[in-house]
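# Close look at the chain arrangement
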Amino acid sequence: YDVSGDLPLSAKRLSYLVEDLPLAARLLTHYQGVAYTAEYLDADRSRLRASRAGTLAAQADRVSGSTEEGVLYYYGNGTSRMGPWRLRGQALVEVRYQPAPSGRGLQYRIRVLAAPANAVVNAFMNLWLFKSVLRGKVEEVLRDITQASAKLDRQGLAGLTAAGGWSDDEQRRLAALLARPG
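Everything numeric here is computed off the predicted structure, so don't read it as measured data.

## A closer look at the sheet that holds strand 4 (residues 56-66)
- In space, the seven strands of this open sheet follow the order 1-7-6-5-4-3-2, with antiparallel pairing throughout. Edge positions in the sheet fall to strand 1 (2-7) and strand 2 (36-40), since each has one partner strand and no second. The average angle at which neighbouring strand axes cross in this sheet is 25°, direction not considered.
- In terms of strand pairing, strand 2 meets strand 3 (residues 47-52) through five bridges, oriented antiparallel. Directly across from E39, in strand 3, lies its bridge partner R49.
- Lying over the sheet, helix 1 (residues 11-18) contacts strand 2, strand 4, strand 5 (71-82), strand 6 (85-99) and strand 7 (106-116), oriented at roughly 140° with respect to strand 6.
- Packing of helix 2 (residues 21-32) onto the sheet brings it into contact with strand 2 and strand 3, and relative to strand 2 it is tilted by some 170°.

This is the structure:
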(Lines give C-alpha, C1' and ligand atoms only; values in the text may rest on other atoms or scores of the structure.)
Protein backbone atom coordinates (compact mmCIF):
# COMPACT_ATOMS: atom_id res chain seq x y z
CA TYR A 1 0.00 0.00 0.00
CA ASP A 2 1.30 3.40 -0.91
CA VAL A 3 -0.26 6.68 0.29
CA SER A 4 1.25 10.05 -0.48
CA GLY A 5 0.16 13.63 -0.29
CA ASP A 6 0.54 16.93 1.53
CA LEU A 7 -0.19 17.96 5.10
CA PRO A 8 -0.60 21.56 6.30
CA LEU A 9 1.81 20.80 9.16
CA SER A 10 5.47 21.71 9.10
CA ALA A 11 8.10 18.98 8.96
CA LYS A 12 9.55 20.42 12.20
CA ARG A 13 6.26 20.03 14.05
CA LEU A 14 5.67 16.56 12.66
CA SER A 15 9.18 15.55 13.74
CA TYR A 16 8.48 16.83 17.25
CA LEU A 17 5.22 14.87 17.43
CA VAL A 18 6.82 11.69 16.07
CA GLU A 19 9.32 11.94 18.94
CA ASP A 20 6.43 12.42 21.42
CA LEU A 21 3.66 10.12 20.17
CA PRO A 22 1.74 10.10 23.48
CA LEU A 23 1.36 13.89 23.18
CA ALA A 24 0.33 13.52 19.53
CA ALA A 25 -2.32 10.95 20.52
CA ARG A 26 -3.61 13.22 23.29
CA LEU A 27 -3.91 16.15 20.84
CA LEU A 28 -5.75 14.03 18.27
CA THR A 29 -8.16 12.75 20.92
CA HIS A 30 -8.76 16.27 22.24
CA TYR A 31 -9.41 17.90 18.88
CA GLN A 32 -11.05 15.08 16.94
CA GLY A 33 -13.11 13.41 19.66
CA VAL A 34 -11.71 10.04 18.54
CA ALA A 35 -9.82 7.98 21.11
CA TYR A 36 -6.15 7.73 20.11
CA THR A 37 -3.55 6.13 22.38
CA ALA A 38 0.22 5.83 22.12
CA GLU A 39 2.79 4.65 24.61
CA TYR A 40 6.46 3.83 24.48
CA LEU A 41 7.46 0.38 25.66
CA ASP A 42 11.14 1.07 26.30
CA ALA A 43 13.36 3.86 27.61
CA ASP A 44 14.85 4.80 24.23
CA ARG A 45 11.37 5.18 22.67
CA SER A 46 12.02 2.79 19.80
CA ARG A 47 9.20 0.36 20.72
CA LEU A 48 5.63 1.61 20.82
CA ARG A 49 2.01 0.58 21.08
CA ALA A 50 -0.70 2.73 19.49
CA SER A 51 -4.40 2.56 18.64
CA ARG A 52 -7.28 4.50 17.12
CA ALA A 53 -10.79 4.12 18.57
CA GLY A 54 -10.94 0.32 18.50
CA THR A 55 -10.48 0.20 14.72
CA LEU A 56 -6.67 0.10 14.49
CA ALA A 57 -4.06 -1.16 16.92
CA ALA A 58 -0.35 -1.83 16.51
CA GLN A 59 2.80 -2.63 18.38
CA ALA A 60 5.96 -1.77 16.48
CA ASP A 61 9.68 -1.12 16.66
CA ARG A 62 11.41 1.74 14.90
CA VAL A 63 14.05 -0.25 13.07
CA SER A 64 15.75 2.52 11.12
CA GLY A 65 15.66 6.17 10.22
CA SER A 66 15.25 9.37 12.15
CA THR A 67 13.12 12.48 12.26
CA GLU A 68 16.18 14.52 11.23
CA GLU A 69 16.29 12.55 7.97
CA GLY A 70 12.52 12.58 7.52
CA VAL A 71 12.70 8.83 6.90
CA LEU A 72 11.42 6.26 9.40
CA TYR A 73 10.96 2.50 9.23
CA TYR A 74 8.75 0.57 11.62
CA TYR A 75 8.22 -3.18 11.86
CA GLY A 76 5.50 -4.73 13.96
CA ASN A 77 2.16 -6.41 14.41
CA GLY A 78 -1.22 -4.86 14.00
CA THR A 79 -4.94 -5.39 14.03
CA SER A 80 -7.53 -3.67 11.90
CA ARG A 81 -11.27 -3.93 12.37
CA MET A 82 -13.17 -3.90 9.11
CA GLY A 83 -16.89 -4.54 9.47
CA PRO A 84 -17.36 -7.82 11.32
CA TRP A 85 -13.76 -8.89 10.65
CA ARG A 86 -10.72 -8.37 12.79
CA LEU A 87 -7.62 -8.71 10.63
CA ARG A 88 -4.18 -9.34 12.09
CA GLY A 89 -0.76 -9.38 10.57
CA GLN A 90 2.76 -8.05 10.42
CA ALA A 91 3.91 -5.00 8.52
CA LEU A 92 6.95 -3.04 7.53
CA VAL A 93 6.08 0.66 7.27
CA GLU A 94 8.19 3.30 5.58
CA VAL A 95 7.36 6.94 6.33
CA ARG A 96 9.06 9.72 4.37
CA TYR A 97 8.37 13.42 4.72
CA GLN A 98 9.95 16.70 3.77
CA PRO A 99 9.02 20.36 3.65
CA ALA A 100 6.70 21.11 0.72
CA PRO A 101 8.28 23.01 -2.18
CA SER A 102 5.85 25.87 -1.55
CA GLY A 103 7.38 26.36 1.91
CA ARG A 104 4.04 25.67 3.64
CA GLY A 105 3.36 22.27 5.15
CA LEU A 106 4.99 19.04 4.12
CA GLN A 107 4.89 16.26 1.57
CA TYR A 108 4.69 12.66 2.77
CA ARG A 109 4.78 9.14 1.46
CA ILE A 110 3.74 6.14 3.53
CA ARG A 111 4.40 2.68 2.18
CA VAL A 112 3.12 -0.43 3.95
CA LEU A 113 4.19 -3.96 3.18
CA ALA A 114 1.70 -6.15 5.04
CA ALA A 115 1.75 -9.88 5.67
CA PRO A 116 -1.54 -11.15 7.10
CA ALA A 117 -1.74 -13.78 9.82
CA ASN A 118 -3.27 -16.41 7.49
CA ALA A 119 -3.70 -17.32 3.82
CA VAL A 120 -7.44 -16.54 3.67
CA VAL A 121 -6.80 -12.98 4.80
CA ASN A 122 -3.95 -12.77 2.29
CA ALA A 123 -6.39 -13.60 -0.52
CA PHE A 124 -8.72 -10.80 0.69
CA MET A 125 -5.83 -8.34 0.89
CA ASN A 126 -5.24 -8.70 -2.82
CA LEU A 127 -8.77 -7.58 -3.62
CA TRP A 128 -9.24 -3.97 -4.77
CA LEU A 129 -12.05 -3.38 -2.26
CA PHE A 130 -9.95 -4.48 0.69
CA LYS A 131 -7.00 -2.36 -0.41
CA SER A 132 -9.21 0.69 -0.77
CA VAL A 133 -10.67 0.18 2.72
CA LEU A 134 -7.21 -0.07 4.30
CA ARG A 135 -6.04 2.97 2.36
CA GLY A 136 -9.13 4.74 3.67
CA LYS A 137 -8.14 3.93 7.27
CA VAL A 138 -4.69 5.46 6.74
CA GLU A 139 -6.28 8.49 5.10
CA GLU A 140 -8.71 8.84 8.05
CA VAL A 141 -5.77 9.19 10.43
CA LEU A 142 -4.09 11.69 8.10
CA ARG A 143 -7.35 13.69 7.90
CA ASP A 144 -7.52 13.74 11.71
CA ILE A 145 -3.93 15.04 11.81
CA THR A 146 -4.74 17.76 9.27
CA GLN A 147 -7.86 18.94 11.11
CA ALA A 148 -6.26 18.79 14.56
CA SER A 149 -3.25 20.77 13.30
CA ALA A 150 -5.51 23.52 11.95
CA LYS A 151 -7.44 23.68 15.24
CA LEU A 152 -4.23 23.87 17.25
CA ASP A 153 -2.95 26.71 15.05
CA ARG A 154 -6.20 28.64 15.54
CA GLN A 155 -6.42 28.14 19.31
CA GLY A 156 -2.78 28.20 20.32
CA LEU A 157 -1.60 27.12 23.74
CA ALA A 158 -3.92 29.42 25.70
CA GLY A 159 -7.02 28.16 23.90
CA LEU A 160 -5.96 24.54 24.22
CA THR A 161 -5.17 24.61 27.92
CA ALA A 162 -8.09 26.87 28.91
CA ALA A 163 -10.35 23.82 29.04
CA GLY A 164 -8.02 22.29 31.64
CA GLY A 165 -6.92 18.72 31.98
CA TRP A 166 -3.36 19.30 30.74
CA SER A 167 -0.54 18.68 33.22
CA ASP A 168 2.29 21.17 33.67
CA ASP A 169 4.60 18.77 31.81
CA GLU A 170 2.14 18.47 28.90
CA GLN A 171 1.78 22.25 28.75
CA ARG A 172 5.58 22.58 28.61
CA ARG A 173 5.73 20.04 25.75
CA LEU A 174 2.87 21.80 23.93
CA ALA A 175 4.67 25.14 24.21
CA ALA A 176 7.80 23.50 22.74
CA LEU A 177 5.71 22.13 19.86
CA LEU A 178 4.11 25.49 19.12
CA ALA A 179 7.52 27.22 19.24
CA ARG A 180 8.38 25.36 16.03
CA PRO A 181 7.21 26.94 12.78
CA GLY A 182 3.70 25.73 11.84
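Here the narrative resumes, following the displayed structure.
## Some remarks on the environment of R154
- One can find R154 in helix 4 (residues 128-162).
- The spacing of R154 and P8 is 146 residues in sequence and 13 Å in space, taken between C-alpha atoms.

## Section: the nonpolar core
- The biggest cluster of nonpolar side chains holds 18 residues, and the ones touching the most others in it are L27 and L160.
- If you list the elements that add at least two residues to this core, you get helix 1, helix 2, strand 2, helix 4 and helix 5 (168-178).
- Contact partners of L27, with chain neighbours within four places excluded, come to L17, L152, L160, W166, L174 and L177.
- In terms of nonpolar packing, the next biggest core, distinct from the first, is built from 17 residues, L14, A60, L106 and Y108 among them.

## Topic: the side chain of K137
- Structurally, K137 is set in helix 4.
- Buried K137, no salt bridge; nearest opposite-charge side chain is E140, N-O distance 5.2 Å.
- The residues touching K137, leaving out its near neighbours within four places in the chain, are T55, L56, S80 and R81.

## Regarding a nonpolar patch on the surface
- Taken together, the side chains of V63, Y75, L92 and L113 present a nonpolar region at the surface, about 370 Å² in accessible area.
- Here Y75 is to be found in strand 5.
- Judged by relative accessible area, which is 38%, Y75 ranks as partly exposed.

## Thoughts on the packing of helix 1 against helix 5
- The N-to-C vectors of helix 1 and helix 5 enclose an angle of 155°; their axes lie 9 Å apart at closest approach. Between helix 1 and helix 5, the angle falls in the class roughly antiparallel. Together, R13, Y16 and L17 of helix 1 and R173, A176, L177 and L178 of helix 5 make up the contact between the two elements.
- Looking at the contact of helix 1 with helix 5 residue by residue, the class counts come to five nonpolar, no polar and two charged.

## Considering helix 1
- With seven of eight residues buried, helix 1 lies mostly within the body of the structure.
- What helix 1 keeps buried is the set A11, R13, L14, S15, Y16, L17 and V18.

## Points about the packing of aromatic side chains
- As enumerated under the stated definition, the model contains zero aromatic pairs in all.
- The ring of W166 carries R26 above its face, with NZ or CZ at 3.9 Å from the centroid.

## Side note on the packing of helix 2 against helix 5
- Two elements in contact, helix 2 and helix 5, have axes whose closest approach is 11 Å; the angle formed by their N-to-C orientations is 90°. Here helix 2 is positioned roughly perpendicular relative to helix 5, judged by the angle of their axes. Two secondary-structure elements touch here, helix 2 through L23, R26 and L27 and helix 5 through E170, R173, L174 and L177.
- Among the residues making up the contact of helix 2 with helix 5, the classes are represented as four nonpolar, no polar and three charged.

Cut-off values and rules
- Residues numbered from 1 in each chain as written.
- Predicted model: local features only at pLDDT ≥ 70, side-chain atom pairs only at ≥ 80, totals over all residues.
- Heavy atoms only, no water.
- Pairing = 2+ DSSP bridges.
- Helix = DSSP H or I, 4+ residues; strand = E, 2+ residues; numbered from the N terminus.
- Axes fitted to C-alpha atoms, helices over the stretch in contact; angles between N-to-C directions.
- Contact = heavy atoms within 4.5 Å.
- Core = buried A, V, L, I, M, F, W, Y, C linked by side-chain atoms within 4.5 Å.
- Buried < 20%, exposed > 50% of the residue type's maximum accessible area, 1.4 Å probe, protein only.
- Lys, Arg positive; Asp, Glu negative; His and termini not counted.
- Salt bridge = Lys/Arg side-chain N within 4 Å of Asp/Glu carboxyl O.
- Patch = residues over 30% accessible without salt bridge, like charges linked within 9 Å, V, L, I, M, F, W, Y side chains within 5 Å.
- Areas by Shrake-Rupley, 256 points an atom, 1.4 Å probe, with all protein chains shown as cover.
- Parallel < 35°, antiparallel > 145°, perpendicular 65-115°, else oblique.
- Nonpolar A, V, L, I, M, F, W, Y, C, P; charged D, E, K, R; others polar.
- Phe/Tyr/Trp six-rings, centres within 6.5 Å; stacked < 30°, edge-to-face > 60°.
- Lys NZ or Arg CZ within 6 Å of the ring centre and 35° of its normal.

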